[in-house]
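# Observations on chain architecture
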Amino acid sequence: MERSLLVTVKFDSDKDRWYIKDIANELGELAKSTGAEIIDQVICRPDKPTANLFIGQGKAQEIASLVQEKQIDTVIFSQDFSSTQQRNLEEIINAKTIDRTQLILDIFSRRAKSPEGKMQVELAQLEYLLPRLAGKGIVLSRLGGGIGTRGPGEQKLEMDRRRIREKINRLKNDLKRFSEHRQNLKKKRKENAIPGVAIVGYTSAGKSTLLNTLASSQQIISSALFTTLDPLSKAIILPNGEHVVVSDTVGFLHNLGHHLIEAFKATLEEVIDADLLIHVLDVSHPLIYEHNASVFEVLRDLKADQKPMITALNKIDLLEDKIWLEKLKNDFINPVAISAKLKQNINSLLSEIEKKFVARMISVELVLDNSRMDLIDLFHRQGRVDEVNYLEKGIKIKANLPKILFQKLLHSNQIKEVFNS
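Overview of the structure. (Residues numbered from 1 in each chain as written. Predicted model: local features only at pLDDT ≥ 70, side-chain atom pairs only at ≥ 80, totals over all residues. Heavy atoms only, no water.)

## Observations concerning the nonpolar core
Side chains that are nonpolar tend, in soluble globular proteins, to be buried together. Rule in force here: To form a nonpolar core, buried Ala, Val, Leu, Ile, Met, Phe, Trp, Tyr and Cys residues must be joined to one another through side-chain atoms within 4.5 Å. When accessible area is computed with a 1.4 Å probe and restricted to protein chains, residues below 20% of their type maximum are described as buried, those above 50% as exposed, and intermediate ones as partly exposed. A helix here means a DSSP run of H or I that spans at least four residues, while a strand means a run of E at least two residues long, and both kinds are numbered starting from the N terminus. In this description, contact between two residues means that some pair of their heavy atoms is separated by no more than 4.5 Å.
Core analysis: the biggest nonpolar cluster contains 39 residues, and Ile76, Phe252, Leu268, Val271, Leu277, Leu299 and Leu302 have the highest contact counts within it. Among the elements of the structure, α1 (20–33), α4 (100–111), α5 (115–129), β5 (196–201), α9 (258–263), α10 (265–273) and α11 (288–301) are those that each provide at least two residues to this core. When residues of this core are assigned to their parent elements, the largest contribution, 5 residues, is made by α4. Sequence-distant contacts of Leu277, defined by excluding residues within four places in its chain, comprise Ala198, Val200, Val271, Leu299, Ala304, Lys307, Pro308, Met309 and Ile310. Counting residues in each nonpolar core, the second largest holds 23 residues, with Ile310, Ala312, Val336 and Ile338 among its members.

## A look at unusual backbone geometry
A positive phi angle is found at Lys315, which is not glycine, with a value near 70 degrees. Along the chain, Lys315 falls in the loop between β9 (309–314) and α12 (322–329). Positive phi, close to 65 degrees, is recorded for Asn345, a residue that is not glycine. Examined against the element boundaries, Asn345 turns out to sit in the loop between β10 (335–337) and α13 (346–357).

## A closer look at the sheet that holds strand β3 (residues 74–77)
Put simply, the test is: We call two strands paired when DSSP finds no fewer than two bridges between them. Whenever a helix is involved, its axis is fitted only over the stretch in contact; in every case the axis is a line through C-alpha atoms, and angles between N-to-C directions fall within 0 to 180 degrees.
Taken together, 4 strands build an open sheet; the order of strands is β2-β1-β3-β4 and the sheet is parallel. A single partner strand is all that each edge strand has here, and the edge strands are β2 (37–44) and β4 (96–98). For this sheet, the mean angle separating the axes of adjacent strands, direction not counted, is 20 degrees. Most of the contacts of α1 go to strand β1 (residues 3–9), to which it runs at about 150 degrees, and overall it touches β1, β2 and β3. Running at roughly 165 degrees to β2, helix α2 (residues 57–70) makes contact with β1, β2 and β3 of the sheet.

## Focus on the pairing of β2
We apply this condition: With its strands directed away from the observer, a crossover is right-handed exactly when the path from the first strand over the helix to the second travels clockwise.
Here β1 runs beside β2; their pairing, made up of 7 bridges, is parallel. Residue Val7 lies in a different strand from β2, and its bridge partner there is Val42. A crossover connection joins β1 to the parallel β2 through α1; in handedness this β-α-β unit is right-handed.

## Examining the pairing of β9
Here β9 lies mainly inside the structure; 6 of its 6 residues are buried. Burial along β9 is two-sided: the residues Met309, Thr311 and Leu313 and Ile310, Ala312 and Asn314 are all buried. As defined by bridge partners, strand β8 (residues 276–282) adjoins β9 across 6 bridges and the pair is classed as parallel. Residue pairing across strands places Val280 opposite Ala312, the latter belonging to β9. In the sheet, β9 pairs with β10 via 3 bridges, with the strands oriented parallel. In the strand pairing of β10, Ala312 is matched with Val336. Between the parallel elements β9 and β10, the chain passes through α12 in a crossover that is right-handed.

This is the structure:
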């Protein structure tokens, strides 16, 4: 466990709405997710970043004294800095110094389980490393590993630019093949008229818990940040019999840069392609409005902020002030108050999802040929069968079916007779 010093920086010129204490708290949560032992914290409020040290010379010397006094292994900053600033800071501080991106990429490397997820993280780490290869000093001579160096490995840190670019190109090609495979699966889903729902939200809002509840799945649940990095999709059946595919996505974060969004693009493809978003918000968190703004910032980057949305106001079991809950319902899009953990009001959420897709379904009474048991099986898989009667002239069925499926069967003359539609 690395003895770590946290340095929270907020410039006077910064228009970020977050208070510095909240930035410091989140930095602490991120550091804990890497297993760091937090020894002390420093708050820094300069007017603006300096070109050589990012922070002032005096503050850098103060940090250096703390590092020596408390035997600090790693200094973690709340903001990103350039390779030059990092190198200069490390020369003064005399300890490994990492920025926010390095910290988050380290968490990603711990969370990624699938081959695709690991490739995405390695690609992000190499792209982060490439422009920093010109630097010398601690940043390129870390032999012991640890926070901020996990992933590609020391042999990759010593690659020259050409070899790293070649590796980046190989990873991009491999990830493209994964993406093409997913697109083929989605194409089949679209052909079968199965809509997609993506669960989005701030990290630790309860997205994986909600997926578990909706789909009776066993996704890993943890209070740690970024538990979900690899894409996960599950099929569920709505009360009207319609089948939908629900996908969990990586948690969003305050001030998440474009380069980090690229690091988990696989899960975000589900957001881009989804027919409906379920935005999970932790109503018990004091920064609920800031979390909401951070999520929409990422959705705007993905051009997905105008998609149909339901806001799941989660963790109502932790909220003592019910009047506050009523106020929250007026501030968010299509709100449904739930507790995913205790399965409270989940039926209300399912009903809201059903309303979003009600125009896709049709109630029909029809007759099939006696030999078409395959179609009955299909109706059970993609809709809801209410009644089946076996007659001399055929199989009479009452069902709720996707309109696309019904029209396809009707036009291909696979239905003998329709009584109503």
